[in-house]
Amino acid sequence: MAGGSIAATALMALGWDAAPANAATSAGDGVSESGQPVRAGALADAGPSQPRWISRSQSRIVVNPYDVLSSASPVEQSNRQDVPLNAAYYAHDTATRLDDLLMLNVRPGGAAPEYSEAEVGFVDGCETTGEWSGTGVTLSSSRGQLAITATEADAYASRLVSVDLDTYPLLRISVPKLVGQWALRATDASGTVVVLRPAGSDPGVHFYDVPKLTGWSGKVSLRIDILLTGSDASMSVDELRIQSRSTVLSAFEDDFSAGLDPGWAPSSAVRAAVEDGSLNLTVPNTTGTWYGFVNRTFAVDLDRFPILKVKVDSVGKYWAIKVNNGGTDIIVQNNTTQLGVFTFDLPKITGLRGVQSLSIRLFVNGYQTTASFDSVILQERTVPWLLGAAQLDTTWYPHQLPFKAGYPGGGQVVGTDTFSGVDGLSRSFVVSGLPASETLQISGQYFGTPSYDTRSRTLTFTQPDFSYTVALPAQTSTPVFYADRDTWSCGGPTLTGKPSTVNGYWSVGLTSRSGPSQNVRIGCGFAVSAEAAGTSRARATTARAADPTELVASNERAFDRLLAAAPRPVDFTIRSVDADGVGAAQVRAMYYRAWAFLASSVLPPQPEITQPHPILATGKAALYLHGAPGARAAASWDSNIGTQFLAYVDPDAAWGSLEGILSLVEADGLLPGEFLPAREAQTAWVLSCLTGDDQRLRAIYPALKRLLVYKQDHPKYSGNKNPNDKDLPFVAHALIDTDFAVEIATRLGLDDDVSFWKTRYDALNAKMMSWFWSSPTAQPPQVVDPVAGTSYPGNVMSVTDALHVRTVDDTHASGLVAEFEGLYDRAKPLAGFGLGTNDVRYGITSHTIYGLLDHHEPERATVLSNAILRDATRTDMFAERYQWEDSGVFPAGQRPSLFGVADVIDAVWMNNGYRMDAGRPGFVMLPQSNGGVDNLRFQGRRLDVRVSSDTGEVRLDGSLVRDDMRCRTFHLSVGQTVLLPDSCLTLPPD
């Protein structure tokens, strides 16, 4: 390829040519130009809230997965100085994060300083009082803490220490608890007394440089005195140690080499034991629970010691970490199966600062399983020797992630990350301007057993469930390996021989310079199961050999085809609420990104778990895994709603996802995993209307019937353990879905089932009225226990979901509308909803919006729909739900995920006069509607819609509709919805 082609591609993608920096915002009115499809290149986002994840339909790979436990933006998570390519891979019904899969740093000239750990010359773990004496104090020891309590004014505790100060100059003391003030002094053999620390009231971990403070050196015998000030003073000490200097200081570390320190307190549901230098946590069958933990509490200054580093050797199911500073637990690491050394920035994750009484909790999650922890360290930040980018500019496209990195010495890297097929990745770049003394380092964190093939220059990492390979460029050195990020960032020490660990870091340097710039290509390949190393290697070398420009172009064409298939709205303006700076061009970009997100969320069949169907993942980039075994990536509620929209552009994948989920319904009707409201019948009906595939509809009907009956009989969330509770949105969803079941049974000619569903509807509707309405005009609660006679008010929007139930008449709706009015405020974010609640999610709000239309409230329906559209667009994130506080709107829950996609697409469609929820083509007249939707497809036929609230007309065009004015023009009042009659369709009759 031409020498500058990679640079040209990346520069153009970043907007550093004559094109606008963000092409998606260049169309002021947001109207599809001359009805032409939007192109993937027009969706560029170079702003600070840009997405950072990409994937491909039917790919197991995610680039830059998002950590939903973090409040950091996608840019803050992914755009680090190391220019990382982060990834995740789905296999065996789980997803494995591969953070720092590739990184780009500059190695300075000269020798590396290398990372050094502290060596210990003396340590007292305070497990007994045996070596301690006291004056004016009482001493006791419990659970690895020495308690010192003053009984008179001149009070101190002492012990003797012998140590070589030339080798071990630093004294460290940990004080988890303190009342009053304390001081520290040392006395040598000659009787010379030196105060190491004057009296102060600060607990925590403290270091003192004994030679510097005293002038002493060599081997010495010292008496260490811990002094208390005041007769009512007391303190606890959990360790006194004297150690060598090191690259960073640590407030706490335990490698379990001395057994289980009594400071670790096991929960009642776990068995804790140290074997071969590892802490093994086991949940035995006698506890009857599925998780347990050990807890360690100490005082620490998180401003000085912010980094928690944990090494995990093995795990049977999941391990996790939480911390607590006296309030509720804060998740540091959610359930994971990954092994290796993990580094956590506690202030960044938790928001905690300064001196804290901090409890660290190590969890094992999994009934009768074991997790093994090799070490736990709380330390200072490591200042890296390797240089990161001083400036990093990135742009998001659905098909590539171009970047430009500038380094402190003047070097520059311009490149892009993109897919190579669905099983590989390509990172290509041009490096230029590096000083002669500096070297560009290509590095990565590895997960799995590493092997290096010299002939193909490939690094392969094998895990039990999959393998992945990095194909290195020809002009690089032989890889070297490091134990963890600290040793890698300091240039050593390297591991000798073949690494025996399943996690660490590798690095190579660019060894030759053929001119002022170098073109570099790196390929990554993935394959399922440990036996697939050869396949992953082949995919990686294919990605490395491919022309990066053609890879980008090929991926762009795939997304162009997707966007060409998407329905094309005419009007993208926000109406009935203050747009608050959100323009039509932003909404337009968000709308088409929604389609890219939706299609990219499809996972391929997973034969390794006997799942032959593709699955629409609820949060592919969020790594959601709480669905039914066999489709853990799919929350049934979210994924089925997403499937309804997916069917407009990829009907086969949509059918496959529904078939895959329903194949997991058990004989009694239970769908395992997170148990959520019913949308399966609606989804099946929408797919049937869009595709006309009655054969697939008939095939899924038995499982659909079992599931809907189960959801009718068990209307509550799986996390609610009260078997008597009834949850109104679950009941409402079941009733609405039963109406769709009637449609399906009618379509399939199942007359007995038509009667069956109508009878069950009437019975459940009667129960709903008795459970939730104490009178026809009452304001219903969300949850009731009819046995105990108790209720829980819950979230307003969760209750107003029932407005869309066919048999909730205007009288019964009056209480629901009154509850809605209690929060509704068009001047507030999200129309007043979502302040401290989790009720602004599409599964709920869509029924509320439709219900408001059902009950003659078109203005409120329009306000709510457009407020959500505006505020979702503002966040630049497709989220499970949206919330707000004084600082503004923010995405919450699983994110990115499918509900946000549905929020945007459905709102834009309704603004343009089209409703999709009935399956059959539906048209709605909202206030200020003057637009339309082109390129709607039903069974291969096209439908174009135009709507005008000024004239009250809906006009139709396209091959779906008979050429009859009575079928092509409808007159609607504001708020009215009409379905296209079957007699107007050119489709064969049912």
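What counts and how
- Residues numbered from 1 in each chain as written.
- Predicted model: local features only at pLDDT ≥ 70, side-chain atom pairs only at ≥ 80, totals over all residues.
- Heavy atoms only, no water.
- Helix = DSSP H or I, 4+ residues; strand = E, 2+ residues; numbered from the N terminus.
- Rg over C-alpha atoms; globule rule 2.2 N^0.38 Å.
- Buried < 20%, exposed > 50% of the residue type's maximum accessible area, 1.4 Å probe, protein only.
- Areas by Shrake-Rupley, 256 points an atom, 1.4 Å probe, with all protein chains shown as cover.
- Lys, Arg positive; Asp, Glu negative; His and termini not counted.
- Charge placed at Lys NZ, Arg CZ, Asp CG, Glu CD.
- Pairing = 2+ DSSP bridges.
- Expected span 1.5 Å × (residues − 1).
- Contact = heavy atoms within 4.5 Å.
- Axes fitted to C-alpha atoms, helices over the stretch in contact; angles between N-to-C directions.
- Parallel < 35°, antiparallel > 145°, perpendicular 65-115°, else oblique.
- Left-handed = near helix turned anticlockwise from the far one by under 90°.
- Nonpolar A, V, L, I, M, F, W, Y, C, P; charged D, E, K, R; others polar.
- Core = buried A, V, L, I, M, F, W, Y, C linked by side-chain atoms within 4.5 Å.
- Disulfide = S-S within 2.5 Å.
- pLDDT = per-residue confidence, 0-100.
- Phe/Tyr/Trp six-rings, centres within 6.5 Å; stacked < 30°, edge-to-face > 60°.
- Lys NZ or Arg CZ within 6 Å of the ring centre and 35° of its normal.
- Salt bridge = Lys/Arg side-chain N within 4 Å of Asp/Glu carboxyl O.

**Description of the overall build of the protein chain**
Alright, step 1. When its secondary structure is counted, the protein chain shows 20 helices and 51 strands.
Alright, step 2. For 990 residues, the compact-globule formula gives about 30 Å, and the C-alpha radius of gyration of the protein chain, at 32 Å, lands near that figure.
Alright, step 3. The principal-axis extents of the C-alpha atoms in the protein chain amount to approximately 110 × 75 × 50 Å.
Alright, step 4. Burial analysis of the protein chain (990 residues in total) assigns 61% to the buried set.
Alright, step 5. When the accessible surface of the protein chain is summed, it comes to about 35500 Å², and 50% of that surface belongs to carbon and sulfur atoms.
Alright, step 6. Here the protein chain holds 80 positive side-chain charges and 105 negative ones, and the gap between their average locations is 4 Å.

**Remarks on the sheet that holds strand E47 (residues 930–938)**
Alright, step 1. Strand order in the open sheet formed by five strands is E37-E47-E48-E49-E50, with antiparallel pairing between adjacent strands. Bordering the open sheet on either side are strand E37 (568–569) and strand E50 (969–971), each of which pairs with just one other strand.
Alright, step 2. For strand E49 (residues 953–957) and E50, the ladder comprises three bridges, and the chain directions are antiparallel. Each residue of the ladder has a partner; that of arginine 955, found in E50, is threonine 969.

**Notes on helix H10 (residues 651–662)**
Alright, step 1. For H10, which comprises 12 residues, the first-to-last C-alpha distance of 17 Å matches the rise-based estimate of 16 Å (1.5 Å per residue) to within 8%.
Alright, step 2. For H10, a buried count of 10 out of 12 residues is recorded, marking the element as mostly surrounded by other parts of the structure.
Alright, step 3. For H10, the complete set of buried residues consists of Ala653, Ala654, Trp655, Gly656, Ser657, Leu658, Glu659, Gly660, Ile661 and Leu662.
Alright, step 4. For H10, the secondary structure elements touched by its buried residues are strand E38 (602–603), strand E39 (615–616), helix H9 (636–646), helix H11 (680–691) and helix H12 (694–713).

**A closer look at helix H7 (residues 548–565)**
Alright, step 1. Given a rise of 1.5 Å per residue, 18 residues ought to cover 26 Å, and the 26 Å separating the end C-alpha atoms of H7 matches this to within 8%.
Alright, step 2. When H7 is considered as a whole, its buried residues turn out to be Pro548, Leu551, Val552, Asn555, Ala558, Phe559, Asp560, Leu562 and Leu563.

**Overview of the side chain of glutamine 356**
Alright, step 1. Locating glutamine 356 in the fold gives a position in strand E24 (residues 355–365).
Alright, step 2. Apart from the residues lying within four places of it in its own chain, the contact partners of glutamine 356 are Phe298, Ala299, Val300, Leu302 and Asn325.

**Overview of the pairing of strand E32 (residues 458–462)**
In summary, the side chains of a regular strand alternate between the two faces of the sheet.
Alright, step 1. Of all five residues in E32, four are buried, a share of seventy percent or more.
Alright, step 2. Two successive antiparallel strands, strand E31 (residues 449–453) and E32, enclose a turn made up of four residues, where arginine 457 displays a positive phi of approximately 55°.
Alright, step 3. Bridge count between E32 and strand E33 (residues 466–471): five bridges; the pairing is antiparallel. What sits directly across from phenylalanine 461, in E33, is tyrosine 468.
Alright, step 4. As consecutive antiparallel partners, E32 and E33 are separated by three residues.

**Remarks on the sheet that holds E24**
Alright, step 1. What the five strands build is an open sheet, ordered E16-E19-E24-E21-E22; its pairing is antiparallel. Each edge of the open sheet carries a strand with a single partner, namely strand E16 (265–266) and strand E22 (330–336).

**Points about the packing of H12 against helix H13 (residues 728–747)**
Alright, step 1. At a minimum axis distance of 11 Å, the contact between H12 and H13 shows a crossing angle of 150°. The pairing of H12 with H13 is recorded here as roughly antiparallel in orientation. Here the hand of the crossing between H12 and H13 comes out left-handed. Contact residues: Asp694, Leu697, Tyr701, Leu704, Leu708, Lys711 and Gln712 in H12; Ala734, Asp737, Thr738, Ala741, Ile744, Ala745 and Arg747 in H13.
Alright, step 2. Looking at side-chain class alone, the contact of H12 with H13 contains eight nonpolar, two polar and four charged residues.

**Notes on the nonpolar core**
The nonpolar side chains of a soluble globular protein tend to be buried, and buried together.
Alright, step 1. Trp506, Trp595 and Trp909 are the most contacted members of the largest nonpolar core, which has 246 residues in total.
Alright, step 2. When residues no more than four places from it in sequence are discounted, the contact partners of tryptophan 909 are Pro567, Pro569, Tyr591, Trp595, Phe645, Tyr648, Tyr914, Met916, Val933 and Leu936.
Alright, step 3. The next biggest cluster of nonpolar side chains, apart from the first, holds 35 residues, and it includes Phe122, Ala150, Leu196 and Ile224.

**Examining the state of the cysteines**
Alright, step 1. One pass over the structure, following the stated rule, counts one disulfide.
Alright, step 2. Here cysteine 967 is linked by a disulfide to cysteine 984, with a sulfur-sulfur distance of 2.1 Å. Between cysteine 967 and cysteine 984 the disulfide shows an S-S torsion of about -75°. By sign, it is left-handed. Of this pair, cysteine 967 sits in helix H20 (residues 965–968) while cysteine 984 sits in the segment after strand E51 (977–979), and the two are 17 residues apart along the sequence.
Alright, step 3. Accessibility expressed as a relative area gives 4% for cysteine 967, which makes it buried.

**Points about the confidence of the model for the protein chain**
Atomic detail in the predicted coordinates should be set aside for any region of low pLDDT.
Alright, step 1. Per-residue confidence for the protein chain averages 94 on the pLDDT scale, and 96% of its residues sit at or above 70.
Alright, step 2. Counting contacts from residues 15–34, a segment whose pLDDT is below 50, to residues more than four positions away or on other chains yields 41 contacts.

**Observations concerning the packing of aromatic side chains**
Alright, step 1. Per the stated rule, a full pass over the model turns up 38 aromatic pairs.
Alright, step 2. Between phenylalanine 293 and phenylalanine 363, the aromatic rings sit 4.9 Å apart at their centres with planes inclined by 40°, giving tilted as the arrangement. Of the two residues, phenylalanine 293 is situated in strand E19 (residues 291–301) and phenylalanine 363 in strand E24; the sequence distance between them amounts to 70 residues.
Alright, step 3. Owing to a relative accessible area of 18%, phenylalanine 293 belongs among the buried residues under this scheme.
Alright, step 4. Overall, phenylalanine 363 belongs to the buried group, its relative accessible area being 5%.
Alright, step 5. Consider the rings of phenylalanine 597 and phenylalanine 878, whose centres lie 5.4 Å apart with planes at 55°: the pair is tilted. Of the two residues, phenylalanine 597 is situated in helix H8 (residues 584–600) and phenylalanine 878 in the loop between helix H18 (858–875) and strand E43 (881–885); the sequence distance between them amounts to 281 residues. Of the two residues, phenylalanine 597 and phenylalanine 878, both sit in the buried class.
Alright, step 6. We note lysine 322 situated over the ring of phenylalanine 363; from NZ or CZ to the ring centre the distance is 5.0 Å.
Alright, step 7. Above the ring of tyrosine 761, the side-chain terminus of arginine 806 is found at 4.3 Å from the ring centroid.

**Some points on the pattern of salt bridges**
Alright, step 1. In the structure shown here, the tally under the stated rule is 53 salt bridges.
Alright, step 2. Of the charged contacts in the structure, one is a salt bridge between aspartate 313 and lysine 311, with a shortest N-O distance of 3.5 Å.
Alright, step 3. Look at lysine 311 and you get partly exposed, because its relative accessible area is 24%.
Alright, step 4. Two residues, lysine 711 and glutamate 680, come together in a salt bridge whose shortest N-O distance is 3.1 Å. In this pair, lysine 711 sits in helix H12 while glutamate 680 sits in helix H11, placing the two residues 31 residues apart along the sequence.

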